[in-house]
Amino acid sequence: MSLVARHLEANGIATVIIGSALDVVEQCGVPRFLFTDFPLGNPCGHPWDREMQEKIVRQALGLLAGAAGPRTTVKAPFTWKESDPQWRGRYGRVNAAERERLLALGEERRRQKAKAKAAARDP
Amino acid sequence: MVDTGEPVPYMERTRQYYRALGYAKDYVWAHHDEVPFAKLSKPLSDCRLALVTTAGPADHGGKRQLWSGAIDPPPARLHTANLAWDRESTHTDDRESFLPIEAASTLAREGVFAGLTPRFHGVPTDYSQRSTTEDVAPKLLQRLRDDGADGAILCPL
């Protein structure tokens, strides 16, 4: 999406990204970014929290209109659920106990990909 | 693991995960020193805006491609099963939590901006950066122009 933002901006359409992967977006470099520090999946607010979702969109609109220059990142003033303080450690973690399972999963993926490639070459 | 409150290092997590899957080469994320910047051409209250998601249509055919959907009536659900989001911490049952059509419409009715374009758009998250920059992004630009969008709110899951 960051690459899409850059293309739109280069062609005169102003953009604001609302997203939760701070490092990925800033690595690419985008004009305006509202960072919501939530687990990936709900960049625009906690599920079913209409008040928070509206505040986040309102803040994004303020950023769209008000940013003075590119690479403007603003952090939304909300946190993930108090009942789940450990969420940051969860996504994509690799446990030692899972190494064998993950390696087998990767091998299966590579087999499937090679198969699809061969089928495309020789239908 | 102690939670320091620092943002999650997704690139490092992803590198470690793919190494564990046995991939020899790390993914290289796009990086640019120069960042283009377009100002809104008129006051926000006069601007028509488009919403863009990375989710797919609920009746997805399995093919990842640029697609568009009506904002009225808004879709109840979208297809997110093929995207990388945190399945252990949350869910995507509330479409407003990643594509806020109703929240944006409320703000438009308030006069904060002129209104949403009749269509929102879905862009595929592609491993290939070339496919995104040379195919998807130009097609999306054309659709936004066709819809008279002055700006866009991009909401990647």
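For clarity, every value in this text was computed on a predicted model and none was experimentally measured.

Quick notes on the rules
Residues numbered from 1 in each chain as written. Chains lettered and ligands numbered in written order. Predicted model: local features only at pLDDT ≥ 70, side-chain atom pairs only at ≥ 80, totals over all residues. Helix = DSSP H or I, 4+ residues; strand = E, 2+ residues; numbered from the N terminus. Rg over C-alpha atoms; globule rule 2.2 N^0.38 Å. Buried ≥ 20, exposed ≤ 12 C-beta atoms within 10 Å, placed from the backbone. Contact = placed C-beta atoms within 7 Å. Domains from an automatic or database assignment. Axes fitted to C-alpha atoms, helices over the stretch in contact; angles between N-to-C directions. Parallel < 35°, antiparallel > 145°, perpendicular 65-115°, else oblique. Left-handed = near helix turned anticlockwise from the far one by under 90°. Nonpolar A, V, L, I, M, F, W, Y, C, P; charged D, E, K, R; others polar. Pairing = 2+ DSSP bridges. Core = buried A, V, L, I, M, F, W, Y, C linked by C-beta atoms within 7 Å.

Let us now look at the overall build of chain A. Secondary structure summary: chain A contains four helices and three strands in total. Taken from the N to the C terminus, the helices and strands of chain A come in the order α-β-α-β-α-β-α. Rg of the C-alpha trace for chain A: 19 Å, well past the compact-globule value of 14 Å for 123 residues, more than 25% over. The C-alpha extent of chain A, read off along each of the three principal axes, is 50 × 45 × 25 Å. Buried positions account for 40% of the 123 residues belonging to chain A. Expressed as a percentage of contacts within chain A between residues at least 6 apart in sequence, the contacts between residues at least 24 apart total 50%.

Bringing the domain arrangement of chain A into the picture now. The assigned domain composition of chain A is domain 1 (1-80) and domain 2 (92-123). Look at where the C-alpha atoms of domain 1 of chain A and domain 2 of chain A centre, and you get two points 33 Å apart.

Where helix α1 (residues 2-10) of chain A contacts helix α3 (residues 129-146) of chain B, the two axes come as close as 9 Å, and the packing angle between them is 50 degrees. In terms of orientation, α1(A) lies oblique with respect to α3(B). Here α1(A) runs over α3(B); the crossing is right-handed. When α1(A) is examined against α3(B), the residues L3(A), V4(A), H7(A) and L8(A) are found in contact with a partner set consisting of Q129(B), T132(B), T133(B), V136(B), A137(B), P138(B), L140(B) and L141(B). Within the contact of α1(A) with α3(B), the residues separate by chemical class into eight nonpolar, four polar and no charged.

This next bit is on the interface of chain B and chain A. Contact residues are listed per partner, giving 65 residues for chain B and 67 residues for chain A. Elements supplying a minimum of two residues to the side of chain B that touches chain A: α1 (10-20), α2 (101-110), α3 and β5 (151-155) of chain B. Among the elements that make up the side of chain B that touches chain A, the one with the highest residue count is α3(B) (nine residues). Inspection of the sheet shows strand β1 (residues 14-19) of chain A paired to β5(B) by four bridges, in the parallel sense. By the bridge assignment for β5(B), V16(A) is matched with I153(B).

Glancing now at the nonpolar core. Counting residues in hydrophobic clusters, the biggest one holds 58 residues, and the most contacted among them are V4(A), I17(A), A60(A), L51(B), A152(B) and I153(B). It is helix α3 (residues 50-66) of chain A that contributes the most residues to this core, seven residues altogether. Ignoring sequence-local partners within four residues, the contact set of V4(A) consists of V123(B), T132(B), V136(B), A137(B), L140(B) and L154(B).

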